[in-house]
Amino acid sequence: MSNLIVVLAGGLSGERKISFLTGKACSKALKKRGYKVITLDAKGYFVEKLKKLKPKIVFNALHGKYGEDGFVQSILESQKIPYTHSGVFASSLAMNKELSRLIFKKNNLKVPKYLLLQKGHEGNLIKKMKNKKIKFPIVIKPISEGSSLGVYICKNRMQFKAKYKKLMKEYDRVLVEEYIPGREIQVAVMGEKPLGAIELVPRREFYDYAAKYSSAARTKHIMPAPLSQNKYKEVLALTKRAHQLLGCRGITRSDFRFFKNKFYLLELNTQPGMTKLSLVPEIAQYCGINFEDLVVWMLKDASYNR
Ligand SMILES: Nc1ncnc2c1ncn2[C@@H]1O[C@H](COP(=O)(O)OP(=O)(O)OP(=O)(O)O)[C@@H](O)[C@H]1O
Ligand SMILES: [Mg+2]
């Protein structure tokens, strides 16, 4: 076996561009620490290429479909190549907002009230909203996406119709959920340990794609999140629980809304971004773990049969 580290990046998801940013940052950090690194675009015949390269470890820098949902993880399992982040099952659970929520709810983690809407059944929206006691504004979003792609806030039925139509070009089911006002809090977990909570204050309508990745959008990052000591501890404990419930490994990041003194878990990310404006590195840095330390830790944590 070689000493080669393959950074898997790019891929086929809507987050391809962001994944290259994550991959570039991580590969740079690994090279600085003396590792031999090749970046491989996870599309086309990349599995054949991977087999030829025979890497010692795969650093998974993919986001979204195929990279974050268990697909790539199962390929790596079948090749017995150690890889970073969560395993097959945890990845697919976390990527699916419908399934992960069922588990969160069952274990008393608070999530927004939501319903699922199938293509062609939009006429049932108002009835379904009444049944679930959901009122406008609502948020509609794909079940398995990231980077806020396809996430829309709709203040009324007209806005819903327009956005739903747009989403139905790409997806055949969407999540419709109550809009939770309040604050945006995100928490990183490293191994078994929740590291810290950060608050994001977007200057846009919400923490959308631009607010996440463009410095021109000037989203304010407040680390540590200004919460009372008890609430800070509480959100860290909730995150640890969510990470454990899905059986996650390595690094994860959970996204919350904080409203009327309660935390609503929006989702857990098993392949959180590692770009310049990303939150896990910022939280780690606050805890005295610099970017290179973090990436090396992730590499050392890699294994198969996860
Ligand atoms: N129910 C909600 N109430 C209020 N804001 C919401 C709600 N759902 C989503 N948002 C806003 O949209 C953002 C993106 O939502 P979400 O985390 O579900 O999408 P994502 O595409 O999976 O994001 P990520 O980049 O973290 O993978 C949230 O951070 C929040 O700002
Ligand atoms: Mg999110």
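The shown structure was predicted, so the numbers you read here are calculated from the model rather than taken from an experiment.

Asks: Requested: an account of the overall build of the chain, with residues and values cited.
Replies: Regarding its fold elements, the chain presents 11 helices and 12 strands. For 306 residues, the compact-globule estimate of 2.2 N^0.38 gives 19 Å, and the chain sits close to it at 19 Å. Reported as C-alpha extents along the three principal axes, the dimensions of the chain are approximately 60 × 45 × 40 Å. Counting only residues that meet the buried cut, the chain has 53% of its 306 residues in that class. Of the roughly 14,700 Å² that the chain leaves accessible, carbon and sulfur atoms contribute 53%. Of the side-chain charges in the chain, 57 are positive and 25 negative, and the distance between the mean point of each set is 2 Å.

Asks: Tell me about the site of ligand 1, residues and numbers included.
Replies: Neighbouring ligand 1 are 24 residues; Lys97, Ser147, Ser148, Glu184 and Glu267 lie closest to it. The side chain of lysine 141 places a nitrogen or oxygen atom 2.7 Å from an oxygen atom of ligand 1. Taking glutamate 177, its side chain carries an N or O atom lying 2.8 Å from a nitrogen atom of ligand 1. Here ligand 1 has 620 Å² of accessible area as a free molecule, and 97% of this is covered by the chains. The cavity that encloses ligand 1 is the largest cavity. Contributions of two or more residues to the shell around ligand 1 are made by β5 (138-142), β7 (173-178), β11 (251-259) and β12 (262-269). In terms of residue class, the shell around ligand 1 is built from nine nonpolar, four polar and 11 charged. Two domains each donate at least three residues to the shell around ligand 1, and these are domain 2 (94-109 + 182-300) and domain 3 (114-178).

Asks: Describe a positive patch on the surface, listing the residues and the values that go with them.
Replies: On the surface, Lys110, Lys113, Lys133, Lys135, Lys260 and Lys262 cluster together into a patch of positive charge. The topology assignment puts lysine 113 in the loop between α5 (97-106) and β4 (114-118). The partly exposed category is assigned to lysine 113, whose relative accessible area is 36%.

Asks: Would you mind going over the packing of aromatic side chains in detail, with residue names and values included?
Replies: By the definition in use, this model includes five aromatic pairs. Geometrically, the ring pair formed by phenylalanine 258 and phenylalanine 263 is stacked, given 4.4 Å between the ring centres and 25° between the ring planes. You'll find phenylalanine 258 and phenylalanine 263 in the same group, each marked buried. An aromatic cluster is defined as three or more aromatic residues linked by ring pairs; in this entry it consists of Phe256, Phe258 and Phe263. Its guanidinium or amino end placed over the ring of tyrosine 114, arginine 101 lies 5.1 Å from that ring's centre, counting from NZ or CZ. The ring of tyrosine 114 carries lysine 132 above its face, with NZ or CZ at 6.0 Å from the centroid.

Asks: Could you give an account of the domain arrangement of the chain, naming the residues involved and the relevant values?
Replies: Interface size is commonly expressed as the accessible surface area that is lost when the partners come together. On domain assignment, one finds that the chain holds domain 1 (4-85), domain 2 (94-109 + 182-300) and domain 3 (114-178). The straight-line distance from the C-alpha centre of domain 1 to that of domain 2 is 22 Å. Listed by partner, the interface residues are 27 residues for domain 1 and 21 residues for domain 2. Counting the surface lost from both domain 1 and domain 2, the interface buries some 2,100 Å², and carbon and sulfur atoms represent 64% of this. Its largest share of buried area at the contact with domain 2, domain 1 owes to Arg33, Glu68 and His85, together 34% of the area lost on that side. Where domain 1 touches domain 2, the interface holds three salt bridges. Along the contact surface separating domain 1 from domain 2 lie 10 residue pairs in polar contact (both at pLDDT 80 or more). Of all the secondary structure elements, the ones that give two or more residues to the side of domain 1 that touches domain 2 are α1 (16-32) and β3 (57-60). Along the lines of polarity and charge, the residues of the side of domain 1 that touches domain 2 split into 12 nonpolar, eight polar and seven charged.

Asks: How would you summarise the coordination of the magnesium ion (ligand 2) if you had to cite specific residues and measurements?
Replies: Each pair of donors in an ideal four-coordinate tetrahedral metal site encloses 109.5 degrees, whereas pairs in an ideal six-coordinate octahedral site enclose 90 or 180 degrees. At this site the magnesium ion (ligand 2) is bound by Asp255 (OD) and Glu267 (OE), with donor distances of 2.0 Å. Here the residue aspartate 255 occupies a position in strand β11, and glutamate 267 occupies one in strand β12, the gap between them amounting to 12 residues. Accessibility assignment for this pair places aspartate 255 and glutamate 267 in one class, buried.

Asks: Explain the packing of α1 against helix α11 (residues 291-300) to me, using residue names and the numbers behind them.
Replies: One can describe the packing of α1 onto α11 by two numbers: an axis separation of 9 Å at closest approach and a directional angle of 90°. The orientation of α1 with respect to α11, classified from their angle, is roughly perpendicular. Contacts from Ala25, Cys26, Ala29, Leu30 and Lys32 in α1 reach Phe291, Glu292, Val295, Val296 and Leu299 in α11. The residue makeup of the contact of α1 with α11, split by class, is eight nonpolar, no polar and two charged.

Reading the values: rules and limits
- Residues numbered from 1 in each chain as written.
- Chains lettered and ligands numbered in written order.
- Predicted model: local features only at pLDDT ≥ 70, side-chain atom pairs only at ≥ 80, totals over all residues.
- Heavy atoms only, no water.
- Helix = DSSP H or I, 4+ residues; strand = E, 2+ residues; numbered from the N terminus.
- Rg over C-alpha atoms; globule rule 2.2 N^0.38 Å.
- Buried < 20%, exposed > 50% of the residue type's maximum accessible area, 1.4 Å probe, protein only.
- Areas by Shrake-Rupley, 256 points an atom, 1.4 Å probe, with all protein chains shown as cover.
- Lys, Arg positive; Asp, Glu negative; His and termini not counted.
- Charge placed at Lys NZ, Arg CZ, Asp CG, Glu CD.
- Near = heavy atom within 4 Å.
- Polar contact = N/O pair within 3.5 Å; in protein donor to acceptor, adjacent residues only side chain to side chain.
- 1 Å grid on protein atoms, 1.4 Å probe; cavity = no way out; pocket = protein on both sides within 12 Å on 5 of 7 lines; lining within 4 Å.
- Sits in = over half its atoms within 2 Å of the grid points.
- Nonpolar A, V, L, I, M, F, W, Y, C, P; charged D, E, K, R; others polar.
- Domains from an automatic or database assignment.
- Patch = residues over 30% accessible without salt bridge, like charges linked within 9 Å, V, L, I, M, F, W, Y side chains within 5 Å.
- Salt bridge = Lys/Arg side-chain N within 4 Å of Asp/Glu carboxyl O.
- Phe/Tyr/Trp six-rings, centres within 6.5 Å; stacked < 30°, edge-to-face > 60°.
- Lys NZ or Arg CZ within 6 Å of the ring centre and 35° of its normal.
- Contact = heavy atoms within 4.5 Å.
- Buried area = accessible area lost by both parts, 1.4 Å probe.
- Donors = N, O, S within 2.8 Å, 3.2 Å for Na, K, Ca; no water.
- Axes fitted to C-alpha atoms, helices over the stretch in contact; angles between N-to-C directions.
- Parallel < 35°, antiparallel > 145°, perpendicular 65-115°, else oblique.

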